[in-house]
Amino acid sequence: MKGPNVVKGIHLEGLRVLGTPNSFAKYYYEQGADEIIYMDVVASLYGRNSLLDVVSKTAEDVFIPITVGGGLRSIDDISAALKSGADKVSINTAAINDNKLISRAADKFGSSTIVIAIEAIRQSNGRYYAFTDNGREQTGMEVVEWATIVEKLGAGEILLTSVDAEGTGSGGDIELINSVANEVNIPIIAHGGVGNIDHAVDIVTSANTSAIALSSILHYEAISKITANNLDLESEGNREFLSSNRVVKNIDVCSIEMIKQKLSECGVEVRL
Amino acid sequence: MWRRSEIVNSLKKIAIIDYGSGNIFSVSQAIKKIGGLPVIASSAKQINDSDAILLPGVGAFMNAMESLQEKGLSSVIIDSVRNGKPILGICLGMQLLFETSNEFGCHEGLNLLKGDVVKFSSLNEGTTIPQIQWNRVQVDRKDMVLFQGMDLNPFMYFLHSYYVKPSQEYKNIFRTNYGGIEYCSAIEYKNIYGVQFHPERSSADGLRLLKNFVELV
């Protein structure tokens, strides 16, 4: 999300406006999504209240878990997000800057409420490092090292984004997911790279992950279905893509229903 | 024509206990959705005026109990329930209905049900803690209150590291399998109901469960 709109880029950059968060969330809820993740990519620039308004509005008619992240920096920020209807919060930069925030938050709200987002970028030496600010800032820490630290501090879950794969539709980074999963005992949500149904099945069956987070593959399908796609026309943003009817390279769009059906056929137990 | 105030009067008043932490907003939206009247309750009067109590919960057991005691709500809840008012505990709220918890030391709960709260341990290798996922509740019969009108063994959304171990032989206990153990994920005993999962986040079946609870009031 950016300001009042859903946006999508590639490698978390080059954001295009796709529609309003509520219309997407409601569509996915009706389609059988198991969880909604709202990630405010530029929270620091736009202020947090607009994000929390969107969360509250969503919680009025979406009755699945909602995770909210982007710009949450303190116990008060987390508390405000939970009060607005979030079930879990996702933290990246603030946790890197102040590791103790994780333990304080876990003590106050329970471990299962605290998700740590890790943006992983593979370096030329083959190692993965954790980044912040949509893959722009290097933290100097290896992903696996950081993952084990956040687990010790009381994080309940890891949202693991492969920035290299994100938005490309070239398949998930199974090596990355397993390298983290082998070292921690908390659930991992794998994010980034799914461009078709087979990619999704591949991650679920070959990587040791508890869940997958999808955006491009679903968003580009959803925009054709959401009728009341009320864009906030007052806000800035690149909406050329929406009016152009272009298809997205490498993304074989599909619905949540189709993905769950396929997973079920492959022997994975899913809620249909 | 009914006036608005009359319609509001006819709705079941559900006191959602506000003790500082907890996902009160989503719980109250869900109660609204299924036709109840949610009242965010932080006083004895609000609890006494209600038709039923909903004890939600996110967070740590000790903090929650301390907060309930400081606000003077624990004794009000206990008295109301002993006098027959229905209560539904959700997640931590279910755990609070029991005697003691060993989360960060040993702490006393509301003691409305007999048993302890313990942390997941000795699970199958590779099983993550907390459990954060949709999982099935083993419901093999249709004569219970909470699970009326849905398919057997429904999926519900779970988010927890601790679970209850009832010590008394309660007749109506429903179990969930996680990492090889079968633990109590729902209980019905007289006017006391508890669910370890989050019905307010469990889509249509979760809403149905809340509706079943509100309708029995």
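Every value quoted in this text rests on a predicted model; they were computed, and no experiment measured them.

Student: Pulling in residues and values, what's your account of the overall build of chain B?
Tutor: Scanning chain B from terminus to terminus reveals seven helices and 13 strands. A globule of 217 residues ought to have a C-alpha radius of gyration of about 17 Å, and chain B, at 17 Å, matches this closely. Projected onto its principal axes, the C-alpha coordinates of chain B cover approximately 60 × 40 × 30 Å. Counting across all 217 residues of chain B, residues that qualify as buried make up 50%. Intrachain contacts of chain B at a sequence separation of at least 6 include 68% that bridge at least 24 residues.

Student: Describe the overall build of chain A, with residues and values.
Tutor: Scanning chain A from terminus to terminus reveals twelve helices and eleven strands. Per-residue burial over chain A gives 51% buried out of 272 residues. Long-range pairs, those at least 24 residues apart, make up 65% of the contacts in chain A with a sequence separation of at least 6.

Student: Describe the pairing of strand 12 (residues 181-189) of chain B, with residues and values.
Tutor: Residue and element names in this part refer to chain B. Sheet topology note: the strand 11 (residues 172-178)/strand 12 ladder contains seven bridges and is antiparallel. When the bridges of strand 12 are listed, Ile173 appears paired with Ile187. Turn length for the strand 11-strand 12 hairpin, with the two strands adjacent in sequence and antiparallel, is two residues, and the turn residue Gly179 shows positive phi of about 55°. Two elements, strand 12 and strand 13 (residues 192-195), share four bridges in a ladder whose sense is antiparallel. In the strand pairing of strand 13, Tyr189 is matched with Ile192. Taking the residues between adjacent antiparallel strands as the criterion, strand 12 and strand 13 are bridged by two residues, where Lys190 takes a positive phi near 50°.

Student: Summarise helix 2 (residues 24-33) of chain B; cite the residues concerned and give the values.
Tutor: Residue and element names in this part refer to chain B. With eight of ten residues buried, helix 2 lies mostly within the body of the structure. Within helix 2 the residues assigned to the buried category are Ile24, Phe25, Ser26, Val27, Ser28, Gln29, Ala30 and Ile31. Just beyond helix 2, the residue with positive phi is Gly35, at close to 95°.

Student: I'd love a proper account of the interface of chain B and chain A, names of residues and values included.
Tutor: Between chain B and chain A, the contact holds 26 residues from the first and 26 residues from the second. Looking at the side of chain B that touches chain A, the elements with two or more residues in it are helix 2, strand 8 (131-136), strand 9 (155-160) and helix 7 (203-216) of chain B. Grouping the amino acids of the side of chain B that touches chain A by side-chain chemistry returns twelve nonpolar, twelve polar and two charged.

Student: How would you summarise the pairing of strand 3 (residues 36-39) of chain A if you had to cite specific residues and measurements?
Tutor: Residue and element names in this part refer to chain A. Here strand 3 shows no split at all, with Ile36 and Tyr38 on one side and Ile37 and Met39 on the other all buried. One ladder, built from four bridges, connects strand 3 with strand 4 (residues 66-69); its direction is parallel. Directly across from Tyr38, in strand 4, lies its bridge partner Val68.

Student: Outline the nonpolar core, listing residues and values.
Tutor: Residue and element names in this part refer to chain A. Core analysis: the largest hydrophobic core is formed by 147 residues, its most contacted members being Ile116 and Ile158. Ranked by residue count, the leading element in this core is strand 6 (residues 114-122), at six residues. Ignoring any residue separated from it by four or fewer positions in sequence, one finds Ile116 in contact with Ile91, Ala95, Ile102, Val150, Ala155 and Ile158.

Student: Before we move on, could you go through unusual backbone geometry and cite the residues and values that matter?
Tutor: All names here are of chain B. The linkage connecting Ile129 with the following residue, Pro130, adopts the cis geometry, with an omega of 5°. One can find Pro130 in the loop between strand 7 (115-119) and strand 8. Notably, Cys91 is not glycine yet its phi reads approximately 55°, a positive angle. If you trace the backbone, Cys91 turns up in the loop between strand 4 (87-90) and helix 6 (92-96). Phi at Asn111 is positive, roughly 65°, even though this residue is not glycine. Mapping Asn111 onto the fold places it in the loop between strand 6 (107-108) and strand 7. For Asn111, a count of 14 C-beta atoms within 10 Å puts it in the partly exposed group.

Student: Which residues make up the packing of helix 4 (residues 75-83) of chain A against helix 6 (residues 100-109) of chain A, and what are the values?
Tutor: In a packed pair of helices, the relevant descriptors are the angle between the two axes and the axis-to-axis distance. All names here are of chain A. Where helix 4 meets helix 6, the closest approach of the two axes is 10 Å, and the angle between their N-to-C directions is 40°. Considering their axes alone, helix 4 and helix 6 lie oblique with respect to each other. The interaxial crossing formed by helix 4 with helix 6 has right-handed handedness. For the pair helix 4 and helix 6, contact is made by Ile75, Ile78 and Leu82 and by Arg104, Ala105, Lys108 and Phe109, respectively. Partitioned by chemical class, the residues of the contact of helix 4 with helix 6 number five nonpolar, no polar and two charged.

Student: Summarise the environment of Glu151 of chain A; cite the residues concerned and give the values.
Tutor: Residues and elements named next belong to chain A. Along the chain, Glu151 turns up in helix 7 (residues 143-153). Along the sequence, Glu151 and Val184 sit 33 residues apart, while their C-alpha atoms lie 6.9 Å from each other. If near-sequence neighbours (up to four positions away) are discounted, Glu151 is found in contact with Val184, Asn185 and Ile186.

About the thresholds
Residues numbered from 1 in each chain as written. Chains lettered and ligands numbered in written order. Predicted model: local features only at pLDDT ≥ 70, side-chain atom pairs only at ≥ 80, totals over all residues. Helix = DSSP H or I, 4+ residues; strand = E, 2+ residues; numbered from the N terminus. Rg over C-alpha atoms; globule rule 2.2 N^0.38 Å. Buried ≥ 20, exposed ≤ 12 C-beta atoms within 10 Å, placed from the backbone. Contact = placed C-beta atoms within 7 Å. Pairing = 2+ DSSP bridges. Nonpolar A, V, L, I, M, F, W, Y, C, P; charged D, E, K, R; others polar. Core = buried A, V, L, I, M, F, W, Y, C linked by C-beta atoms within 7 Å. Axes fitted to C-alpha atoms, helices over the stretch in contact; angles between N-to-C directions. Parallel < 35°, antiparallel > 145°, perpendicular 65-115°, else oblique. Left-handed = near helix turned anticlockwise from the far one by under 90°.

Everything listed is a geometric property; what it means functionally is a separate question.
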